[in-house]
Amino acid sequence: MKEVEAEIERAILDLLSQRKTGATICPSEAARIVKPKSWRTLMEATRTVARSLVKAGEIEVCQKGAVVDAETAKGPIRLRLAAKSAESR
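All values derive from a computational prediction rather than experimental measurement.

Formed by 21 residues in total, the largest nonpolar core has its most connected members in I8, I12, L16, I25, I59 and L79. The dominant element in this core, judged by the number of residues it contributes, is helix α1 (residues 3–17), at five residues. Discounting residues that sit within four places of it in the chain, I59 has contacts with L13, L16, A50, L53, V54, L79, R80, L81 and A82.

Below, the structure written as structure tokens:
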């Protein structure tokens, strides 16, 4: 994993760990932590990291409050801890 991807992963998981169970974040929140001034350049990498975290069972990708397939989701998405990850908090 590239260094920037590791930073994005840490940012996603840190943000979610600070939220109430079931709460979501926008992927841009993580990108803004990693590169505050040029966060938009990280958005595709952030979605890629999110897909990896979904495969690992760490998070879920949502649209309009419903879990969607991270591989095929188009448009705005939200991220939240997967149920098993939230239970272990």
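Having seen it, we continue.
Our focus in this paragraph is the side chain of R51. Turning to its location among the elements, R51 is positioned in helix α3 (residues 43–55). Judged by its relative accessible area of 18%, R51 is buried. A polar side-chain atom of R51 sits 3.1 Å from a polar atom in the side chain of T48. Discounting chain neighbours no more than four positions away, the residues touching R51 are E44, A70 and E71.

The N-to-C vectors of α1 and α3 enclose an angle of 65°; their axes lie 9 Å apart at closest approach. Considered as vectors, α1 and α3 are oriented roughly perpendicular to each other. Where α1 crosses over α3, the two elements pack in a sense that is right-handed. Residue-level inspection shows E5, I8, E9, I12 and L13 of α1 in contact with α3, the latter providing A45, T46, V49, A50 and L53. For the contact of α1 with α3, the class distribution of residues is seven nonpolar, one polar and two charged.

The next subject is empty space enclosed by the protein. One pass over the full model with this rule turns up two cavities of 30 Å³ or more. The space that makes up the largest cavity amounts to roughly 40 Å³. Lining the largest cavity are R47, A50, R51, V61, A70 and I77. With three residues, α3 is the largest single contributor of residues to the lining of the largest cavity.

What counts, and where the lines are drawn
Residues numbered from 1 in each chain as written. Predicted model: local features only at pLDDT ≥ 70, side-chain atom pairs only at ≥ 80, totals over all residues. Heavy atoms only, no water. Core = buried A, V, L, I, M, F, W, Y, C linked by side-chain atoms within 4.5 Å. Buried < 20%, exposed > 50% of the residue type's maximum accessible area, 1.4 Å probe, protein only. Helix = DSSP H or I, 4+ residues; strand = E, 2+ residues; numbered from the N terminus. Contact = heavy atoms within 4.5 Å. Polar contact = N/O pair within 3.5 Å; in protein donor to acceptor, adjacent residues only side chain to side chain. Axes fitted to C-alpha atoms, helices over the stretch in contact; angles between N-to-C directions. Parallel < 35°, antiparallel > 145°, perpendicular 65-115°, else oblique. Left-handed = near helix turned anticlockwise from the far one by under 90°. Nonpolar A, V, L, I, M, F, W, Y, C, P; charged D, E, K, R; others polar. 1 Å grid on protein atoms, 1.4 Å probe; cavity = no way out; pocket = protein on both sides within 12 Å on 5 of 7 lines; lining within 4 Å. Points joined across faces, edges and corners; volume = space filled by probe spheres on them.

Functional significance is not addressed by these values, which are geometric in nature.
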